[in-house]
Amino acid sequence: MKNICVIGVGYVGIITAASFADLGNRVVALDIDQEKIAGLKNGKMPIYEPGLKELVDRNVEANRIHFTTSYEEGLKDAEFAFIAVGTPSGVDGEADLQYVASAARSIAEHINKGLIIINKSTVPVGTGDWVADIIKEQNPKAEKFAVVSCPEFLREGSAISDFMQPHRIVVGSLDAEAAEKVAQLHLSLRAPIVVTDLRTAEMIKYASNAFLATKISFINEIANICEDLGADVMEVSNGMGFDSRIGSSFLNAGIGYGGSCFPKDVKALAFMAEEKGRHPQLLHSVMEINTDRRVMAVEQAKSLLGSKDLTGKTIGMLGLSFKPNTDDMRDAPSVTIANLLIKDGAAVRAFDPIAMEEAAKLIPGVEMVESPYKMAEGCDLLMVNTEWNEFRQLDFRRIKKVMNEAVLFDGRNIYDPEKMAKLGFRYRGVGRGYNGR
Ligand code: NAD
């Protein structure tokens, strides 16, 4: 059993804190957001994530996890302090490190001898050294401490199992003893542990996310070519994915990636490269292709409706979150698409199983409707933005009856074009023959 403090109780922090508690450690989860901590003390989760409430409740009950806003309390007995605060995009695409800096300053005030500070946040290469400098500068009396990078690779929607069964753990430090202790802390996860230096560990995270984003933009580029040449991108990715050198994941064509990680991390990596005088062409293409996907969705809607603009049309959105099983709306394609549709004159209605409350804050002009069937009423076109499982089972006969026109743009390729055509829908997926082949 180790004493751990997790600083920042957002998507990554709450999963990290609750999972380490579940592994038998004593965890204090710390956040400066008083409302979030008060909520957690009352059993209210800060985010939606399958299985999270049960995990937190179980560990609260077992007295293994506590919540606080006080650094003094959080760091009192801590041997390990994970930094899991946000690192959003700054104005020029760089990672904004203000939250990391403020966490480092607060750690400096309450640091214990031998504390190991572990960066879980995705931070630019060199940030670990910078955090150590802040602590030394802020508290010259700070006794021996170490900074280790241990980037997080979990995916929202499957965050607990990703944390508990990771593909690998990356541990980066110039302090071999600290790296060994952090590796030991993760031993029970039985994952390969890659021990490296601090900067390399920081880069592994960016390179991994940029590579996955590249796969998505690659298949989207192929989808465009498939559409022009009459091939089906779904079968192309299936055929490609069996090749173990390629792999089948992240090869789903659609309206592109979103969320709080890929967009900002690709941007931040390009920024780092440019700062050093490089021209990261591939990263720029990945971003450009992804931005175009959102515009393409609106163009597809217009083309399906056969109109130059969308004045007088009502469009219904199936799904708002950037991916299924999360309420995270950060940089969700649906937000850009909804704004473009509205700008083009459409009235937009939407249904999402979980994310409507979050979405309403970002796209107040969109009418949120409590069921997909009600939402479809009077619509001229439905658009799938998020591949929620429950959308696969919808009764499209019922939906067709209430729609003004039976038109469907499937931005995530979850339906069978032939079946949709048989049901009488004017259907279009991404990178597939129109109305089936
Ligand atoms: P988030 O915005 O959900 O949570 C960050 C939390 O940090 C907030 O609750 C905020 O109140 C708190 N915070 C800010 N400043 C603080 C301070 N000085 N002291 C204590 N708490 C403070 O962010 P997130 O999505 O959990 O991401 C955290 C980091 O993990 C980011 O760098 C992100 O890139 C990375 N990451 C995220 C994911 C993901 O799926 N969300 C996956 C892997 C890595």
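Residues numbered from 1 in each chain as written. Predicted model: local features only at pLDDT ≥ 70, side-chain atom pairs only at ≥ 80, totals over all residues. Heavy atoms only, no water.

## Observations concerning the sheet that holds strand E9 (residues 314–318)
The strand order E11-E10-E9-E12-E13-E14 describes an open sheet built from 6 strands, whose pairing is parallel. Here the strands that pair on one side only, and so sit at the sheet edges, are strand E11 (367–368) and strand E14 (426–428). Of the pairings in the sheet, the one linking strand E10 (residues 347–351) to E11 comprises 2 bridges and is parallel in character. The partner of Arg349 across the bridge, within E11, is Glu367. On the sheet, helix H12 (residues 281–305) packs against E9, strand E12 (381–384), strand E13 (407–410) and E14 and is oriented at approximately 155° with respect to E13. Contacting E9, E10 and E12, helix H13 (residues 333–343) crosses the sheet at an angle of about 175° to E9. (Pairing = 2+ DSSP bridges. Helix = DSSP H or I, 4+ residues; strand = E, 2+ residues; numbered from the N terminus. Contact = heavy atoms within 4.5 Å. Axes fitted to C-alpha atoms, helices over the stretch in contact; angles between N-to-C directions.)

## Focus on the site of the ligand
Neighbouring residues of the ligand: 29 residues in total, closest Asp31, Lys36, Tyr71, Thr87 and Lys264. Arg330 places a polar side-chain atom, nitrogen or oxygen, 2.8 Å from an oxygen atom of the ligand. Going through the elements one at a time, helix H1 (11–22) and helix H5 (98–110) are the ones with two or more residues in the shell around the ligand. Here the element with the most residues in the shell around the ligand is H5; it accounts for 3 residues. Split into classes, the residues belonging to the shell around the ligand amount to 13 nonpolar, 8 polar and 8 charged. (Near = heavy atom within 4 Å. Polar contact = N/O pair within 3.5 Å; in protein donor to acceptor, adjacent residues only side chain to side chain. Nonpolar A, V, L, I, M, F, W, Y, C, P; charged D, E, K, R; others polar.)

## Some words on the packing of aromatic side chains
Scanning the model with the defined rule gives 7 aromatic pairs in all. Ring centres 5.9 Å apart and planes at 80° place the aromatic pair Tyr257 and Phe262 in the edge-to-face group. The pair Tyr257 / Phe262 is uniform in exposure class, with both members buried. A centroid spacing of 5.4 Å and a plane angle of 90° characterise the contact between Phe396 and Phe425, whose relative ring orientation is edge-to-face. (Phe/Tyr/Trp six-rings, centres within 6.5 Å; stacked < 30°, edge-to-face > 60°. Buried < 20%, exposed > 50% of the residue type's maximum accessible area, 1.4 Å probe, protein only.)

## A short note on the packing of H1 against helix H3 (residues 52–61)
Helices that pack against each other are described as a pair by the angle of their axes relative to one another and the distance between those axes. At their nearest, the axes of H1 and H3 sit 9 Å apart, and the two run at 50° to each other. Our classification of the angle between H1 and H3 gives oblique. Handedness of the H1/H3 crossing: left-handed. Residues Ile14, Ile15, Ala18, Ser19, Ala21 and Asp22 of H1 touch H3, and the partners they reach there are Leu52, Leu55, Val56, Arg58 and Asn59. Tallied by class, residues from the contact of H1 with H3 come to 7 nonpolar, 2 polar and 2 charged. (Parallel < 35°, antiparallel > 145°, perpendicular 65-115°, else oblique. Left-handed = near helix turned anticlockwise from the far one by under 90°.)

## What about helix H8 (residues 176–185)?
Quick reminder: α-helices carry 3.6 residues per turn. Residues three or four places apart thus point the same way. If you check which residues of H8 are buried, you get Ala178, Ala179, Val182, Ala183 and Leu185. In an axial view of H8, the angular spread of the buried residues amounts to 155°, which keeps them on one side of the axis. (Arc of directions from axis to C-beta.)

## Here we look at the nonpolar core
Ranked by size, the top nonpolar core spans 60 residues in total, and within it Leu341, Leu382 and Tyr415 carry the most contacts. A per-element tally of this core places H12 first, with 6 residues. Residues contacting Leu341, with those up to four places away along its chain left out, are Val298, Leu310, Ile315, Met317, Ala346, Val348 and Met383. Counting residues in hydrophobic clusters, the runner-up holds 42 residues, among them Val9, Cys150, Val171 and Leu189. (Core = buried A, V, L, I, M, F, W, Y, C linked by side-chain atoms within 4.5 Å.)

## Concerning the packing of H12 against H13
As a packed pair, H12 and H13 sit with axes 9 Å apart at the nearest point and diverge in direction by 45°. In this view, H12 runs oblique relative to H13, as classed from their interaxial angle. Crossing hand, H12 versus H13: right-handed. Contacts between H12 and H13 pair Arg294, Val295, Ala297 and Val298 from the former with Pro333, Thr336, Ile337, Leu340 and Leu341 from the latter. Taken together, the residues of the contact of H12 with H13 sort by class into 7 nonpolar, 1 polar and 1 charged.

## Some remarks on unusual backbone geometry
Positive phi, normally seen in glycine, also occurs at Phe250, with a value near 60°. Looking at the element boundaries, Phe250 is found in the loop between helix H10 (233–241) and helix H11 (262–275). Positive phi is not limited to glycine here, since Asp331 has a value of about 50°. Note on placement: Asp331 falls in the loop between E9 and H13.

## Thoughts on H11
Counted at 1.5 Å a residue, the expected span for H11 with its 14 residues is 20 Å, and the 20 Å between its end C-alpha atoms agrees. Counting buried residues in H11 gives 10 out of 14 residues, a clear majority hidden from the surface. Within H11, burial applies to Phe262, Pro263, Lys264, Asp265, Val266, Ala268, Leu269, Ala270, Met272 and Ala273. Those residues of H11 that are buried lie in contact with helix H9 (198–229) and H12. A positive backbone phi angle near 85° is found at Gly277, which sits one or two residues after H11. (Expected span 1.5 Å × (residues − 1).)

## Side note on the pairing of E10
The buried count for E10 comes to 4 of 5 residues, which makes it a mostly enclosed element. The pairing of E9 with E10 spans 5 bridges and is classified as parallel. Each bridged residue has a counterpart across the sheet, and for Met317 the counterpart in E10 is Ala350. In this fold, the crossover linking E9 to E10 by way of H13 has right-handed handedness. (Right-handed = clockwise from strand over helix to strand, strands pointing away.)

## Brief notes about the side chain of Thr386
Here Thr386 shows up in the loop between E12 and helix H16 (389–392). Polar side-chain contacts of Thr386 include one of 3.2 Å to the backbone nitrogen of Leu320. Sequence-distant contacts of Thr386, that is, excluding residues within four places in its chain, are made with Leu318, Gly319, Leu320, Ser321, Lys323, Pro324, Asp352, Phe391 and Arg412.

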